[in-house]
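Here's the letter readout for the chains.
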Amino acid sequence: MKCNPFIIDTRKAEKNELGSLSVLETSKGLLFAVNRVYYISGAKKNTKRGMHAHKELEQIAFCPFGAIRFLLDDGLSKEEIILNEPNKGLYIGKGIWREMVWEEDNSVLVVAASMLYDENDYIRDYGTFLSMVKSGYWKKE
Ligand code: T46
């Protein structure tokens, strides 16, 4: 079953003049076993990325520096979420079409992912995504 995206608050283990240390641990906010971490840096304001959904992949996205707007679409309804706080994560499960827009130069996107990179898990055509939603692809579990 797919699940709508939602914000996860990381635990602040430290906040003082040395900075802020935020953490997610297994069974305390980290919702799946992490098999891959990737990050995107050096993107300019108004950069657009994403434009795809995943068949099975679950992810938690963080923006520890800057601001990134997520356009999220489950095929029936759409929502926008801005990540701009280092202590917030955004859970994005399977079957969610996502687009990301860089709101500030050099905003950093860090992602913890449940699976290794697999191009076969991507749905990069919006029409195909909508057909899969309509056919109940994510309801058959
Ligand atoms: C997602 C959003 C939030 C790899 O070789 N290994 C990897 O782990 C990843 C993530 C990408 N790549 C290659 C595949 C493409 O040739 O890097 C290139 C750019 O990937 P893509 O166009 O999919 O990047 P984004 O920013 O559109 O999407 C990425 C993730 O791919 C995707 O899973 O949910 O960030």
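Please read all numbers here as calculations on a predicted model, not as lab measurements.

Peer 1: Would you explain the site of the ligand in this entry?
Peer 2: Around the ligand sit 13 residues, and of these Arg36, Arg49, Gln59, Arg98 and Tyr122 come closest. Between the ligand and His54 there is a distance of 2.7 Å, counted from an oxygen atom to a side-chain nitrogen or oxygen. A distance of 2.6 Å is found between an oxygen atom of the ligand and a side-chain nitrogen or oxygen belonging to Arg98. Taking 650 Å² as the accessible area of the ligand by itself, protein coverage stands at 69%. Among the cavities detected, the one that contains the ligand is the largest pocket. Among the secondary structure elements, those contributing two or more residues to the shell around the ligand are β6 (36–40), β7 (48–54) and β12 (97–102). The leading source of residues in the shell around the ligand is β7, at four residues.

Peer 1: How should I be thinking about the packing of aromatic side chains in this particular structure?
Peer 2: For any pair of aromatic rings, geometry is given as the distance between the ring centres together with the angle between the planes. Considering all chains together, one arrives at eight aromatic pairs under this definition. Here Trp97 and Tyr126 contribute two aromatic rings whose centre-to-centre distance is 5.0 Å and whose plane-to-plane angle is 75°, an arrangement assigned as edge-to-face. Of this pair, Trp97 sits in strand β12 while Tyr126 sits in helix α1 (residues 126–134), placing them 29 residues apart in sequence. The exposure class of Tyr126 is partly exposed, given its relative accessible area of 29%. Ring pairing ties together the aromatic residues Trp97, Tyr126, Phe129, Tyr137 and Trp138, which thus form one cluster.

Peer 1: Is there a simple way to think about the sheet that holds strand β11 (residues 88–92) in this case?
Peer 2: Through backbone hydrogen bonds, the strands of a sheet pair up, either in parallel or in antiparallel fashion. Overall, antiparallel pairing links the five strands, which are arranged β1-β11-β8-β13-β6 in an open sheet. A strand with exactly one partner marks an edge of an open sheet, and here the two such strands are β1 (6–9) and β6. Ignoring strand direction, the axes of neighbouring strands in this sheet form an average angle of 25°. Sheet topology note: the strand β8 (residues 59–65)/β11 ladder contains four bridges and is antiparallel.

Peer 1: Where do I start with the layout of surface pockets in this structure?
Peer 2: One number sums up the size of the largest pocket: a volume of about 260 Å³. As for the largest pocket, its lining consists of 18 residues, of which Tyr38, Ile40, His52, Met100 and Tyr122 are closest to the centre. Contributing elements (two or more residues each) for the lining of the largest pocket: β6, β7, β8, β12 and β13 (108–113). Residue contributions to the lining of the largest pocket peak at four residues, all from β7. Of the residues in the lining of the largest pocket, the class split is ten nonpolar, four polar and four charged.

Reading the values: the criteria
- Residues numbered from 1 in each chain as written.
- Predicted model: local features only at pLDDT ≥ 70, side-chain atom pairs only at ≥ 80, totals over all residues.
- Heavy atoms only, no water.
- Near = heavy atom within 4 Å.
- Polar contact = N/O pair within 3.5 Å; in protein donor to acceptor, adjacent residues only side chain to side chain.
- Areas by Shrake-Rupley, 256 points an atom, 1.4 Å probe, with all protein chains shown as cover.
- 1 Å grid on protein atoms, 1.4 Å probe; cavity = no way out; pocket = protein on both sides within 12 Å on 5 of 7 lines; lining within 4 Å.
- Sits in = over half its atoms within 2 Å of the grid points.
- Helix = DSSP H or I, 4+ residues; strand = E, 2+ residues; numbered from the N terminus.
- Phe/Tyr/Trp six-rings, centres within 6.5 Å; stacked < 30°, edge-to-face > 60°.
- Buried < 20%, exposed > 50% of the residue type's maximum accessible area, 1.4 Å probe, protein only.
- Pairing = 2+ DSSP bridges.
- Axes fitted to C-alpha atoms, helices over the stretch in contact; angles between N-to-C directions.
- Points joined across faces, edges and corners; volume = space filled by probe spheres on them.
- Nonpolar A, V, L, I, M, F, W, Y, C, P; charged D, E, K, R; others polar.

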